[in-house]
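Each chain is listed here by its residues.
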Amino acid sequence: MTQSCSRCGRTRVRRSRKLVSYALIALVMTMAFVSSSCSGNGNGRVEANGPMITVGVTKVVNKSLGRQITLSSELVPFQEIDVYAKESGYVKKLLVDYGTHVKAGQVMAVLEIPELEAQLQEDQAEIKNAVNQVSRAQHELYRYQAQYKALHLQYTRLNGVFESQPGIVAQQEVDDAEGKDLAASSQVDAGQAALEAAQSQLSVTKAKLAHDQSLFDYSKITAPFSGVVTERYANLGTLVQAGTNSSTQAIPIAKLSQDDLFRLVIPVPESYVRFIHIGDHVNVRVPSLNRTVPGKVARFSVDVKEETRTMHTEVDVLNPGRLLMPGLYADADLTLEQKDDIPCVPLQAVNHQGEQTSVFVVNANGELEERVITLGIQTASDAEVLSGLGAGEQVVVSDRGGLKKGQKVHPEVVPVMQYHEGSQE
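Residues numbered from 1 in each chain as written. Predicted model: local features only at pLDDT ≥ 70, side-chain atom pairs only at ≥ 80, totals over all residues. Heavy atoms only, no water.

Asker: Could you clarify how one ought to interpret the overall build of the chain in this entry?
Answerer: A count of helices and strands for the chain gives three helices and 22 strands. Counting across all 425 residues of the chain, residues that qualify as buried make up 32%. Partitioning the intrachain contacts of the chain with sequence separation of at least 6 by distance along the chain shows that 77% fall at a separation of at least 24. Summed over all atoms, the accessible surface of the chain reaches about 26,000 Å², with 53% contributed by carbon and sulfur. (Helix = DSSP H or I, 4+ residues; strand = E, 2+ residues; numbered from the N terminus. Buried < 20%, exposed > 50% of the residue type's maximum accessible area, 1.4 Å probe, protein only. Contact = heavy atoms within 4.5 Å. Areas by Shrake-Rupley, 256 points an atom, 1.4 Å probe, with all protein chains shown as cover.)

Here it is in structure tokens:
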């Protein structure tokens, strides 16, 4: 009996121990669950109060800002003409060829014009005859003047005696002397008129000679300006027609191009017309020669063509070294606007909301400020700041999604991409 009770006591003790073990396991699991839950809440707080966000910034700096456009065209000579003959004739001498450089007034060709040569000889003969006629009329006038002088003196003496001593000289003698005196005076007048007529005829023949000589001088074809011969149309012995003769198809002697000055004719788009001014400096780049030469806006048409919406603009390009050639392709870099030492901000930092323009600024406390700004001149990469920012302030240029004003950030200076405006052709 006593042995049986002892077994029952041991059984109750083992059961009690199992219950305690189960209770301990449940408690540990509950504490683990609670600990896990608390641990999750703690992680959330760490994330909320974790490291500050890093943003890319750049400083507002003063620099020069300008807008440019590039327009392309061909270089053309400032002057280019076909050289024609003024009179018809045969090419006697041809003094130029392709690529010949000539100066203004230099003889390019000599024509043989037999008809004008004969006409000049005839004019010279007529002048010689007219000179003889003048000489003859001059001698006749001298003779008439001498006769008049003698007869007039005789009449004066007779008339004086007749009036001072009546009866010594008859009235008939005085009247005869007076008649001869008047006749001699008329001969003097006639001789004077004949001399003047002969002199006029001499002037006419001299004028005719000068006219024909001028035409004959055109047998020497000269360069109207300095340049280079780019075409030659005639050969020795070629019969060329006068360039002023509309009834025939005249052939030029050569083509002459001015090579010390070129025109670059560019079509300026309508939106840029207001920026073009006479005298503006232009950089002219010639890719085929790998050279850049200076030019300037010399003239423009002051109207916009309806078909293309462009304005005819000409840039003068000097060519003192004769390196440029007609027909070369060139790019003209025109400066539209230019300002120096102005505060600038990258366009990458600018936010646009309707008509309002703003940027995020990192202040001295490391907090974000949303600053409304006013922009001026703009390029493909930067913009002038008229108001709202000062030099040295840091503006955010990185991704601004999720950023809010007043937020604490860590600024890090980063490089800003630079862009260039594309060419207009």
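Asker: Help me understand the pairing of strand 18 (residues 368–372) in this model?
Answerer: In summary, the side chains of a regular strand alternate between the two faces of the sheet. Here five bridges tie strand 17 (residues 356–362) to strand 18, and the two strands are oriented antiparallel to one another. Bridge pairing in strand 18 places phenylalanine 360 opposite glutamate 370. Between strand 17 and strand 18, which pair antiparallel in sequence order, lie five residues; one of them, glycine 366, sits at a positive phi of approximately 75°. (Pairing = 2+ DSSP bridges.)

Asker: Whenever I open this one, the packing of helix 2 (residues 114–164) against helix 3 (residues 171–217) confuses me. Can you help?
Answerer: Geometry of a packed helix pair, given as the angle between the helix axes and the separation of the axes. Interhelical geometry of helix 2 versus helix 3 gives an angle of 165° and a closest axis separation of 7 Å. One way to sum up the angle between helix 2 and helix 3 is to call them roughly antiparallel. In the packing of helix 2 onto helix 3, the handedness of the crossing is left-handed. Of the residues in the contact of helix 2 with helix 3, the class split is 25 nonpolar, 17 polar and ten charged. (Axes fitted to C-alpha atoms, helices over the stretch in contact; angles between N-to-C directions. Parallel < 35°, antiparallel > 145°, perpendicular 65-115°, else oblique. Left-handed = near helix turned anticlockwise from the far one by under 90°. Nonpolar A, V, L, I, M, F, W, Y, C, P; charged D, E, K, R; others polar.)

Asker: Just checking my understanding: could you explain the packing of aromatic side chains for this structure?
Answerer: To describe a pair of aromatic rings, you give the distance between the ring centres and the angle between the ring planes. Taken as a whole, this structure holds zero aromatic pairs when the rule is applied. Across from the ring centre of tyrosine 218, 5.4 Å away, lies the NZ or CZ of lysine 86, which sits over that ring. (Phe/Tyr/Trp six-rings, centres within 6.5 Å; stacked < 30°, edge-to-face > 60°. Lys NZ or Arg CZ within 6 Å of the ring centre and 35° of its normal.)

Asker: What is the right way to look at the pairing of strand 17 in this model?
Answerer: Burial within strand 17 is extensive, with six of its seven residues counted as buried. The pairing of strand 16 (residues 351–353) with strand 17 spans three bridges and is classified as antiparallel. When the sheet's bridge partners are listed, glutamine 353 is paired in strand 17 with glutamine 356. Here strand 16 folds back onto strand 17, and the loop between the two strands holds two residues, one of which, glycine 354, carries a positive phi near 65°. Pairing of strand 17 with strand 21 (residues 394–396) involves two bridges; the strand directions are antiparallel. Within the sheet, the bridge partner assigned to valine 362 lies in strand 21 and is glutamine 394.

Asker: Is there a simple way to think about the pattern of salt bridges in this case?
Answerer: Side chains carrying opposite charge are able to pair once their charged atoms draw close together. For the structure shown, the criterion picks out 16 salt bridges. Arginine 285 is paired through a salt bridge with aspartate 331; the nearest N and O atoms lie 3.6 Å apart. Pair noted here: arginine 285 is in strand 12 (residues 281–286) and aspartate 331 is in strand 15 (residues 329–346), with a separation of 46 residues, a long-range link. Since its relative accessible area comes to 12%, aspartate 331 is described here as buried. Across the pair glutamate 393 and arginine 371 runs a salt bridge whose closest N-O atoms are separated by 3.0 Å. Remark: arginine 371 occurs in strand 18 and glutamate 393 occurs in the loop between strand 20 (382–387) and strand 21; sequence separation between them is 22 residues. (Salt bridge = Lys/Arg side-chain N within 4 Å of Asp/Glu carboxyl O.)

Asker: Which parts of the structure should I look at to understand the nonpolar core?
Answerer: Buried together is how nonpolar side chains tend to be arranged in soluble globular proteins. Within the largest apolar cluster, 24 residues are counted, with the highest numbers of intra-cluster contacts made by Leu75, Leu264, Ile266, Val284, Val315, Val317 and Leu334. For this core, the secondary-structure elements that each account for two or more residues are strand 2 (61–77), strand 11 (261–269), strand 12, strand 13 (291–300), strand 14 (310–318) and strand 15. Non-local contacts of leucine 334, meaning those with residues more than four positions away in its chain, are made with Arg67, Gln68, Ile69, Leu71, Ile266, Ile276 and Val282. Membership of the second largest hydrophobic core comes to 20 residues, among which are Ala109, Leu111, Ala234 and Leu256. (Core = buried A, V, L, I, M, F, W, Y, C linked by side-chain atoms within 4.5 Å.)

Asker: Looking at this structure, how should I read the sheet that holds strand 7 (residues 220–222)?
Answerer: Each strand in a sheet pairs with its neighbour through backbone hydrogen bonds, running either in the same direction (parallel) or in the opposite one (antiparallel). With antiparallel pairing, the four strands of this open sheet are ordered in space as 7-6-4-9. In this open sheet, the two edge strands, each paired with only one partner strand, are strand 7 and strand 9 (239–240). Bridging between strand 6 (residues 107–112) and strand 7 involves three bridges; their strand directions are antiparallel. Pairing of valine 107 across the sheet is with threonine 222, part of strand 7.

Asker: Explanation requested: the side chain of aspartate 259 in the structure shown.
Answerer: One can find aspartate 259 in the loop between strand 10 (254–257) and strand 11. A relative accessible area of 6% places aspartate 259 in the buried class. Beyond its immediate stretch of four places on either side in the chain, aspartate 259 contacts His101, Gly227, Val228, Asn319 and Arg322.

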